[in-house]
Amino acid sequence: MTALIASSSVLTCLGSGKRTFQAVLDGRCGAGPLRHARAGALNVTAGYHIGKDDPERLFRARTWLVRCVAAALRQAWIDPRRQRVAAVVGTGLRELASVEAWALDPGAGRQPFPVDRLDFGAAVPGVADVVTLSNACSAGGHALAVAQDLIELDVADAVVAAGVDAMSRSMLAMIGRVAPAPTEQVRPFDADRTGVLLGEGAAAAVVVPEDSTQAARPTLGRLLATGLSCDAQHQTAPDVDGIRRAMSDAFSRVGRAPGEVGAVVAHGTGTALNDPAECAALKAEVLAAGADPLITGVKGAVGHTSGAAALVNLDIALRILSTGRVPPVVGLRRPLPEGEGMRFVVGEQARFEPRRRIVQTNAFGFGGVNAVTLVEAA
Amino acid sequence: MTAAVVTGWSAVSAAGIGVPALVGRMAVAAAGSGAAGAELGRSWDGDPLPQPRGHALPGFSVREQLGRKGTSSYDRGTALAVVACRDALAEAGIEVDDATRARIGVVLGTTVGSFKSTSDFSRETLVQPRPYLVNPVLFPNTVMNCAAGQVAIRLGLQGVNATVAGSQQAFLASLRYATMAIGRGYADVMLTGAVEEFSPHRAWAAELAGSNRNVPVGEAAAVMVLARMEIPVWAGRHRDAEILSVATGYGLGGDAAALTGCVAVALRRAGVQASDVTTLVTGEDSEEDRRETGPAAAALGHEPQRLLVKRSLGECDAASGALALAVLLALHRDGKRDGELSLLTSAGTDGAVSAAIVRGWGRDGAYRE
């Protein structure tokens, strides 16, 4: 049995998945001034915020997550009260921003934190099985792997793979204190890239079995496989061999060849170390196998959405499959030397042809945890 | 049905380091002592403690265990996890080499990673003089999956590497993740455990939340070496336990029916008779605390002998379930309980519940293929 993606719902600084994709096609960047109080003192001046509200309002991450999960289930025609539905949520910081805001509030901070509000069970009745994975920036990819496992093992009729992250004050302070100068915009794969910025984001995709009953239901694409690996080298520096193993794991799991890849939605964080390592791994595993994929990435447009990043990439990949358009890498003007010979989409959108090819999406996290997902048109 | 086999295990806790320390401690606990925890004094690493007692291992030294090289940036939880994983591999008799390392994965349960590392790092960003720069080497310790990553680096384990956040549920959720990772071919062996370090931060959190009334705060890293049923030759020849099933669920507002249902699912998946379950291992902290025993007994139709691990080893939060299984296997070590079935449960304050059915064996005891 194989798995399909029935629906996908996304929320970024650029809006819904549809709006986000259109904005990225248009080359727009969602970065703006960091709205946290005393942002300047943090040595972080810019960020990719969702909406216009106070970034320290309580339970924003939960609100976004519920919105995406509920929308994805609705679009997939799934009723959790009638079907076996599980949810796997990937996140780096969960509601840490709320915990911090709560603790610093002179009134609320004296009361115990309402832990029951961390769970979204009440907002999505019937989802009885919820697992939270905290695999840093590849959490969403690991969630997607678990979702496919649960479907192929027939443990559930539908699984929501979701991811969410908001910005916490402590995370911003840490980022500000390990960077010599503030970054204004993420510029993936650019020779003059200056580092990463956080993006607020949430995403949810519904994974269902590919069987006869699914034929008449909503379908966005076929979920081929997610390859997983651990660098076992360094906590923060990426490792080309580790990334390559996640890629080869993905292809071997589904028995397909890297030569079939037509486009890559890259991890592309715009940091000094990630982008060259990702280029080297793609060259060795994908280009060397005879593929010459278009390479794009969204973090220049929506920031690094951390726990949601892999699923934001998945949404972009599914829209590439359905529209045949590959958006440009927002923020990329002059590709890095390590990317020579790779087809980065710069400035204008490109055509995804032929449409039967595989779209690969990458997500790598601290701890050396890598997740590479492959999808194709169903 | 068997989901996976335990070919070795180890633990670091207030009882000490390794299997013999835990086996010895259980003999002492059976005699009815040790429940109050060790005398830790008024402070810990220079920070005041709310209570002078706790189930910690104050003499634990990462340098003594692992040497100086590569360990200077470890936080306590990472060090505990690395030592427990190293010892668990040794207990299983697994040699990690280039032929096997990509087939060995790691999954560890946590609450929030190292609460102390995150707090200390955040505090540094506020109290450092200009230009406010903090030690970037300590940054990875603030990430929740730090311990699992360092285990992989130290022991050279390149298989799937995951961290499951779930506090009291963390271990059983990790166990489920591991059995699935093995069943789905991501790895042949999964180091599966959970870690929670002792720190003034956790001690104060428990004090302010009032959760330390029955048992003091503890610390532990406990790790099982899980292998698929057809154990590869290199993955160890012992069979310390069989994980027959794991189930997880959720009940709004701590609904007792959720755990009852979860236990029923675990029994069905394991394919065993409820009447054959002889031991119930819960996260309860006193005889009077029946939050898990009640719903579990309702599913079983009887009340097995209870094993309350927290009473002798403290409140270890995310590591509770892993330490409980380690204690159960320590009790199995002498072979007198060979083949007995146990039910492990946990229930969190947020409504999450989980259950597992385990069959334990003494080392090289009565188990025969």
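Located above this text is the structure these notes cover.
Now for a quick tour of the structure.

What counts and how
- Residues numbered from 1 in each chain as written.
- Chains lettered and ligands numbered in written order.
- Predicted model: local features only at pLDDT ≥ 70, side-chain atom pairs only at ≥ 80, totals over all residues.
- Helix = DSSP H or I, 4+ residues; strand = E, 2+ residues; numbered from the N terminus.
- Rg over C-alpha atoms; globule rule 2.2 N^0.38 Å.
- Buried ≥ 20, exposed ≤ 12 C-beta atoms within 10 Å, placed from the backbone.
- Pairing = 2+ DSSP bridges.
- Contact = placed C-beta atoms within 7 Å.
- Core = buried A, V, L, I, M, F, W, Y, C linked by C-beta atoms within 7 Å.
- Domains from an automatic or database assignment.
- Arc of directions from axis to C-beta.
- Axes fitted to C-alpha atoms, helices over the stretch in contact; angles between N-to-C directions.
- Parallel < 35°, antiparallel > 145°, perpendicular 65-115°, else oblique.
- Left-handed = near helix turned anticlockwise from the far one by under 90°.
- Nonpolar A, V, L, I, M, F, W, Y, C, P; charged D, E, K, R; others polar.

## What about the overall build of chain B?
For step 1, the next point in the chain: In terms of helices and strands, chain B carries 11 helices and 15 strands.
For step 2, the next point in the chain: Taken over C-alpha atoms, the radius of gyration comes to 20 Å for chain B, in line with the 21 Å a tight globule of 369 residues would show.
For step 3, the next point in the chain: In terms of overall dimensions, chain B has C-alpha extents of about 65 × 50 × 40 Å along its principal axes.
For step 4, the next point in the chain: Taken over 369 residues, chain B has a buried fraction of 60%.

## Quick notes on the pairing of strand β1 (residues 4-13) of chain B
Residue and element names in this part refer to chain B.
For step 1, the next point in the chain: A large share of β1 lies buried, amounting to 10 of its 10 residues.
For step 2, the next point in the chain: Sheet analysis places β1 next to strand β11 (residues 241-250), joined by three bridges and oriented antiparallel. Residue pairing across strands places Ala4 opposite Ile243, the latter belonging to β11.
For step 3, the next point in the chain: Across two bridges, the pairing between β1 and strand β2 (residues 16-17) is antiparallel. Bridge assignment links Ser13 to a residue of β2, and that residue is Gly16.

## Let's talk about the environment of Leu153 of chain A
All names here are of chain A.
For step 1, the next point in the chain: Position of Leu153 relative to the elements: it lies in the loop between α4 (139-152) and β7 (158-165).
For step 2, the next point in the chain: Taking the C-beta count within 10 Å as the criterion, Leu153 has 12 such neighbours and is therefore assigned exposed.
For step 3, the next point in the chain: In this structure the C-alpha to C-alpha distance between Leu153 and Pro209, which are 56 residues apart in sequence, comes to 9.8 Å.

## With respect to the interface of chain B and chain A
For step 1, the next point in the chain: Counting residues at the interface gives 44 residues for chain B and 37 residues for chain A.
For step 2, the next point in the chain: Secondary-structure elements contributing two or more residues to the side of chain B that touches chain A are α4 (115-127), α5 (146-155), β8 (161-165), α6 (170-183) and β11 of chain B.
For step 3, the next point in the chain: Broken down by element, the residue count for the side of chain B that touches chain A peaks at six residues, all from α5 of chain B.

## Considerations on the nonpolar core
A general feature of soluble globular proteins is that nonpolar side chains tend to end up buried together.
For step 1, the next point in the chain: Grouped together as the largest cluster of nonpolar side chains are 264 residues, with contacts concentrated most on Ala162 and Val207 of chain A together with Ala222, Val225 and Leu323 of chain B.
For step 2, the next point in the chain: When residues of this core are assigned to domains, at least three map to each of domain 1 (4-17 + 34-235) and domain 2 (241-360) of chain B.
For step 3, the next point in the chain: Ignoring sequence-local partners within four residues, the contact set of Ala222 of chain B consists of Ala11, Ala84, Gly193, Ala194, Ala319, Ala322, Leu323, Leu325 and Ala326 of chain B.

## Section: helix α1 (residues 17-25) of chain A
Residues and elements named next belong to chain A.
For step 1, the next point in the chain: By the burial criterion, the buried members of α1 are Gly17, Thr20, Phe21, Ala23 and Val24. Here the buried residues of α1 occupy an arc of 165° about the axis, which is enough to place them on one side.
For step 2, the next point in the chain: Residues of α1 that are buried sit in contact with β1 (3-12), β2 (15-16), α8 (299-302) and α9 (309-323).
For step 3, the next point in the chain: Downstream of α1 by a residue or two, Gly27 has a phi angle that is positive, lying close to 80°.

## With respect to the packing of helix α5 (residues 169-177) of chain A against α4 of chain B
For step 1, the next point in the chain: Two elements in contact, α5 of chain A and α4 of chain B, have axes separated by 9 Å at closest approach and are oriented at 60°. Accordingly, the angle class assigned to the pair α5 of chain A and α4 of chain B is oblique. Pair α5 of chain A / α4 of chain B crosses with left-handed handedness. Taken together, the residues of α4 of chain B that come into contact with α5 of chain A (itself represented by Ser170, Ala173, Met174 and Arg177 of chain A) are Thr118, Phe121, Ser122 and Thr125 of chain B.
For step 2, the next point in the chain: Grouping the constituent residues of the contact of α5 of chain A with α4 of chain B by class yields three nonpolar, four polar and one charged.

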